Protein chains: 2
Amino acid sequence: MPMSHPIDIRKIHITDPFWSKKRDLIRKEVIPYQWEILNDRVPEASPSYCMHNFRAAGRLAQRKQELGSAFEPPKYTYRGFQVLPEDPRAPKEDEFYGFVFQDSDFSKWIEAVGYSLATQPDVELEKVADEAIDIVCRAQTEDGYLDTYYIINGMDKVFTNLRDHHELYCLGHLIEGAVAYYEGTGKDKLLRAAMRFADYVAERFGTEEGKIPGYPGHEIAEMALFRLSEVTGEEKYAKLAEYFIDQRGQAPLYFDKEHPTPKGEPYKIDYYHQAHIPVRQQKEAVGHAVRAVYLYSGMADMARKTGDPELLEACRRLWKSTVTEKMYITGGIGGTHLGEAFSFPYDLPNDTDYAETCASIGLVFFARRMLQIEAKREYADVMELALFNGILSGIAMDGKSFFYVNPLEVIPEACKLDERKMHVKPVRQKWFGCACCPPNIARLVASISNYAYTENDDTLFLHLYLGADLKKNGYRISVTGSFPEEGDLVIRTEAEDVVSDLKLAVRIPSWCEEQYSVEGVDAGKIEIRDGYMYFDVPKASSEIRIRFTMQAKWVVADRKVAEDRGQVALVRGPVVYCVEEVDNGSELGSLCIDPESPVLESRTDIEGVSVKSLEVDGYRIVSSEEGAEYASGLYHTYQGVEKTPCRIKLIPYRLWANRGEGEMRVYLPLMR
Amino acid sequence: MPMSHPIDIRKIHITDPFWSKKRDLIRKEVIPYQWEILNDRVPEASPSYCMHNFRAAGRLAQRKQELGSAFEPPKYTYRGFQVLPEDPRAPKEDEFYGFVFQDSDFSKWIEAVGYSLATQPDVELEKVADEAIDIVCRAQTEDGYLDTYYIINGMDKVFTNLRDHHELYCLGHLIEGAVAYYEGTGKDKLLRAAMRFADYVAERFGTEEGKIPGYPGHEIAEMALFRLSEVTGEEKYAKLAEYFIDQRGQAPLYFDKEHPTPKGEPYKIDYYHQAHIPVRQQKEAVGHAVRAVYLYSGMADMARKTGDPELLEACRRLWKSTVTEKMYITGGIGGTHLGEAFSFPYDLPNDTDYAETCASIGLVFFARRMLQIEAKREYADVMELALFNGILSGIAMDGKSFFYVNPLEVIPEACKLDERKMHVKPVRQKWFGCACCPPNIARLVASISNYAYTENDDTLFLHLYLGADLKKNGYRISVTGSFPEEGDLVIRTEAEDVVSDLKLAVRIPSWCEEQYSVEGVDAGKIEIRDGYMYFDVPKASSEIRIRFTMQAKWVVADRKVAEDRGQVALVRGPVVYCVEEVDNGSELGSLCIDPESPVLESRTDIEGVSVKSLEVDGYRIVSSEEGAEYASGLYHTYQGVEKTPCRIKLIPYRLWANRGEGEMRVYLPLMR
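In this report, we go over the structure that sits alongside the text. (Residues numbered from 1 in each chain as written. Chains lettered and ligands numbered in written order. Predicted model: local features only at pLDDT ≥ 70, side-chain atom pairs only at ≥ 80, totals over all residues. Heavy atoms only, no water.)

1. A look at unusual backbone geometry
For step 1, the next point in the chain: Of note, the bond from F483 of chain A into P484 of chain A is cis; its omega dihedral lies within 30 degrees of zero at 0 degrees.
For step 2, the next point in the chain: If you check the backbone angles, Q274 of chain A has positive phi at about 55 degrees while not being a glycine.
For step 3, the next point in the chain: Residue position: Q274 of chain A is located in the loop between α11 (265–272) and α12 (289–306).
For step 4, the next point in the chain: On the accessibility criterion, Q274 of chain A (0% relative accessible area) is buried.
For step 5, the next point in the chain: Phi at Y346 of chain B is positive, roughly 70 degrees, even though this residue is not glycine.
For step 6, the next point in the chain: Its place among the elements puts Y346 of chain B in the loop between α13 (309–325) and α14 (357–373). (Helix = DSSP H or I, 4+ residues; strand = E, 2+ residues; numbered from the N terminus. Buried < 20%, exposed > 50% of the residue type's maximum accessible area, 1.4 Å probe, protein only.)

Laid out in structure tokens, this is it:
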């Protein structure tokens, strides 16, 4: 099967109404707000101290230069995983504050900026970014190291706590940000800084005598290094990534040597880090969900690059474990907030889940990389599901507040009173001390075309249906549609200065259940393979109209998912629907539906936007309380169920909690 | 309304087949096993170090006596809440080990021994107990203090950590044990030691200048002191109890002064201790469930004694909050294992609950005390429910293993893999380091008649239907029946040497739904009040036959209990039934029942005992997996429910997990 790669982000013009709006939101709201956050200028949010730290490290570098051999570097003292100043608004100029991984906040921001500038030039923003890059680069040590926590707190303990201290995580994000900024602007200052840091790491790590036989506690460097290698053409970065992947989980376990702990504990903590056994032997998606899918993404990059069949098989197994045993219908992953982790297979509680926005984003990273290896719709279906549900639910319609945790069932009172649910928020939060989700959404949305389209020499793959104009092999291609609300897709092609033949590969989504029509291409010329329709782009100008039947339907989870038994969820195309208190009153758990009754489409205004809502006749259960009391007023003899007919309205899950605080629920019980 | 009090345990002869067996189990299995535990002679259980500590403290007292003024007492150093020796089988002779409250294990044991000896004399056991009492009394300091943790670790810090260090809890249990032993044997050595300790505490505590204005972190001393006052006739002990109750929660909050903690924390921790506001203002049952009901029991004692209407009203409110908002259908209380505590109203998860055996026992204490004030069946109904379900579930049929936590839904795999359920055990455990539940069951069962009957000058109250012979006011009364399996009760009366008229007050259980028949008493002579039938005992010998209709029925929780919506539980009389994997296969959550189909009675052999089981026709849901895949193999288009008819067998909840490890479930979904 031919592999593929994303299209150069500068060579695709997004016209899609849905995603353009999201992209504008990122550009106009999230990126500027995030910059204020990085500089501790948002009074209502916890200070980040991110740019503060770079500035402090920069001053240190300057002092070093001024003093020469008279310079005495700071001696490392452990300051905790998160360092807070006594007075949060008056931090000491030369101290490190925030989380040990706080540097990565800049990298995530610059990544989103890079993608944004690639498609929407903005002189002002670019100026701010260049200045920020100057500040960051000033912090880098002469030998290339760049993590302000250790630069400020003492370099003598660099790489001594790989498990928890995120230096290699910061490297990974720095690379991702630097590459995006380079691709978006052509400027390589940050890229060169990232390369120098990567060189420094490559020097220090390995199984050779005198090197550190370790690997990242929080994965991301793996996939970032492959990307750096592709962009720079430098094989050494790929080699470093391959080393990290190959070495992970090899006996003796590195993290256990680094952190000797009582018997019994080590395996568990290695499991959390996906470092319990070598990656090629891993069969089940385990541990911290974000780390896991970041690792799997790196593994997929390596499998694609090396063609290692054993590694590819491991990627396929881990994919299967993730999506067929541990994924919510919203594309959320991470069933438990304990360790923000995967739970055991089929344990998918709806009200205490974690389903972190970042984990779903990582799942999209993994999916796209698998698609690059093999264009099978199983990857794209999940990618689309996560995007339109568990990821976009992470950001408010106004772009100003965010969810970390994406529950499928919320009773606000329970989130306040029940300690097991206190990680679940009933309304989106302004910003977080650990700011991973908002910038992760920003960088994903700003680079959405990387996920919708991939290409190789002779084929253009349409994994998602993103309205866009682009040119390939001398053909002009224009894709229009109105996803996710409608299943129609129009592909206009025009042969301009044809270089070579071009094939289109358009995914047939599983949600259409093979019900679709194609006009403008001879049916006999369409080849169906792995859920994609392949056809040649006509030599003459053409208009190809594809209609994937998109109708509301009830979906049921595998019966092994105990939590969802007897319940169904309503979906329409890739969009999962939910009920909210604002439309249906409180005690949503007492609603039930008759799956035979027709689902009607309606429109609902949410934050000034008209969205497709769905309505269905159902019932509200009112338990008869006429039965005799049993032992206390809390229990009564069952005397049948009293039902009141009601109309139930559902809105897209991603839009919940945009109209104030209230109950929400994805799964609805079947009528009794 | 006339008050009442329990009958002298030595003056009632239990003939009840059900409870006699339980009592024999306590005498033959639990008490001897517990003694071995107290002496660290059970290799498979964690050592208790309880008698070890008393011996160590005794040696210290002896040295003090020998050395006189040359004796240097140990200086206190904090050793932790639980102190373990380096080698568990070779503890150092003079050190304290175990939990800070380890002394109370002896007290709980001697209490069960006292009750057991009261009804079943046993020369050997009494000899062992007397020797144990000698060891304990040798540990007491000259001034009466008796808590080995501080005696051994340094008396200079006595009463400096009332919140966590359980000295007053140990006092409470010591009193309960000493009173029971005195009542059971007439021997007062331990009683005098308890009085001396109480005197010591009375000297030190109070709001007067120079005294400690504190109160117990773990309540129990309150109710114990009222009991000590009743037995000894010494008003001072009641006064001390009243002080503890009145002072609790008064501003400034004592525990906050004792443990200054960051802002925000104090209230929460006081809430956990029911010390957030004065007790008369408390409206909701909150915090650690065992502590709460122990406090409420003391409050009820005080309300009865003083007639304080405000306090009685607080007791009624807290009762109502407990049983109508926070009680499982099994009589379990404590919805969350976080703090072993009450959750918010109607939050009663079935699979992550705590429902500690001790908490249900405390609820029985509270219920009996409220019954003493006002003979209303609401108290007795709950008392009976807790006894036959959530309490007896705590002990295995062979008396050799125990549950702390009594879940209503168990999937063994989840208890092993899901960190949120790891407190839930799918099989009873041999013994616990914190050994509260097993001895608590022992003392309750050994004194069961105290809960079944109370009396006052002219009335004998039958709250529970416990087969027994007794004499009152010159009448011989013989009660027989076969509860909880059948609802028949025969009361034979014989006027022997009548002193005064006698009224019987027999509870009409709510589970019979007012369906009952009475033979042998003229219907016109029966007065019904608050769920009790009152009638005079005939002057001539009589045989009164009462039949409470006991039939299986489905019970539903209030719809505010989100967890139980759409589900019902099967009960028969006070016995709650459950399904087990051994009878019904695994995946019990896929069973559903038609509440209209008849419930048939059958018999099932459990551990060699034939018990009444119930059988009902139902269905097993097999979700059709023929619908199209949705996004991943985990989700499919709903295509109706596939049901297989099946016969469902239910056994009494208290007997679950006596036939190996497997799934269990109390609530069953209604058929869809």
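2. Overview of the sheet that holds strand β2 (residues 12–14) of chain A
Residues and elements named next belong to chain A.
For step 1, the next point in the chain: Taken together, the six strands give an open sheet; going across it, the order is β2-β8-β9-β10-β15-β12, and neighbouring strands pair in antiparallel fashion. For this open sheet the edge positions go to β2 and β12 (516–519), each flanked by a neighbour on one side alone. Across this sheet, the average inter-strand angle for adjacent strands is 15 degrees, counted without regard to direction.
For step 2, the next point in the chain: In this structure, β2 lies alongside strand β8 (residues 468–472), joined through three bridges in antiparallel fashion. (Pairing = 2+ DSSP bridges. Axes fitted to C-alpha atoms, helices over the stretch in contact; angles between N-to-C directions.)

3. Focus on the interface of chain B and chain A
Size of an interface, as often reported, equals the accessible area lost when the parts are brought together.
For step 1, the next point in the chain: Each partner contributes to the interface: chain B provides 71 residues, whereas chain A provides 71 residues.
For step 2, the next point in the chain: Carbon and sulfur atoms make up 59% of the area that chain B and chain A hide from each other, which totals about 5,700 Å².
For step 3, the next point in the chain: Linking chain B to chain A there are four salt bridges.
For step 4, the next point in the chain: When the shortest N-O distance is used, the salt bridge between E587 of chain B and R565 of chain A registers 4.0 Å.
For step 5, the next point in the chain: Inspection of the chain B/chain A interface yields 22 residue pairs in polar contact (both at pLDDT 80 or more).
For step 6, the next point in the chain: Tallying contributions element by element places strand β23 (residues 632–637) of chain B first for the side of chain B that touches chain A, with six residues.
For step 7, the next point in the chain: By residue class, the composition of the side of chain B that touches chain A is 37 nonpolar, 15 polar and 19 charged. (Contact = heavy atoms within 4.5 Å. Buried area = accessible area lost by both parts, 1.4 Å probe. Salt bridge = Lys/Arg side-chain N within 4 Å of Asp/Glu carboxyl O. Polar contact = N/O pair within 3.5 Å; in protein donor to acceptor, adjacent residues only side chain to side chain. Nonpolar A, V, L, I, M, F, W, Y, C, P; charged D, E, K, R; others polar.)

4. Description of the relation of the copies chain B and chain A
For step 1, the next point in the chain: Note on the copies: chain B fits chain A at an RMSD of 0.1 Å, the axial shift is 0.0 Å, and the rotation between them is 179 degrees. These values place the two chain copies in the arrangement generated by a two-fold rotation axis.
For step 2, the next point in the chain: The share of interface residues of chain B whose copies in chain A are also at the interface is 100%, consistent with both copies meeting through the same surface. (Least-squares fit on C-alpha atoms with pLDDT ≥ 70 in both.)

5. Points about the packing of aromatic side chains
Given two aromatic rings, their pairing is described by the distance between the two centres and the angle made by the two planes.
For step 1, the next point in the chain: Evaluated as defined, the whole model comprises 76 aromatic pairs over all chains.
For step 2, the next point in the chain: Aromatic side chains F101 of chain A and Y169 of chain A sit 6.3 Å apart centroid to centroid with 80 degrees between the ring planes, which places their arrangement in the edge-to-face category. Linking F101 of chain A in the loop between β4 (98–99) and α3 (103–119) with Y169 of chain A in helix α6 (residues 167–185), this pair joins segments that are 68 residues apart in sequence. Summarising the burial analysis for this pair, F101 of chain A and Y169 of chain A share the class buried.
For step 3, the next point in the chain: Relative to F366 of chain B, the ring of W319 of chain B has its centre 5.3 Å away and its plane inclined at 70 degrees; by these criteria the two rings are edge-to-face. Here W319 of chain B is found in helix α13, whereas its partner F366 of chain B is found in helix α14, with 47 residues between them in sequence. Taken as a pair, W319 of chain B and F366 of chain B share a single burial class, namely buried. (Phe/Tyr/Trp six-rings, centres within 6.5 Å; stacked < 30°, edge-to-face > 60°.)

6. Quick look at the pattern of salt bridges
Residues and elements named next belong to chain A.
For step 1, the next point in the chain: Counted by the stated rule, this structure contains 115 salt bridges over all chains.
For step 2, the next point in the chain: Between K421 and D351 there is a salt bridge, and its shortest N-O distance comes to 3.2 Å. Of this pair, K421 sits in the loop between α16 (412–417) and α17 (437–446) while D351 sits in the loop between α13 (309–325) and α14 (357–373), and the two are 70 residues apart along the sequence.
For step 3, the next point in the chain: K421 sits in the buried class, given a relative accessible area of 12%.
For step 4, the next point in the chain: Since its relative accessible area comes to 19%, D351 is described here as buried.
For step 5, the next point in the chain: Close ionic contact of E486 with R572 constitutes a salt bridge, the shortest N to O distance being 3.3 Å. Here E486 is found in the loop between β9 (475–481) and β10 (488–495), whereas its partner R572 is found in strand β17 (residues 567–572), with 86 residues between them in sequence.
For step 6, the next point in the chain: Among the charged side chains, a network of salt bridges with common partners joins E230, D301, R304 and R369.

Nothing here speaks to function; it is all geometry.
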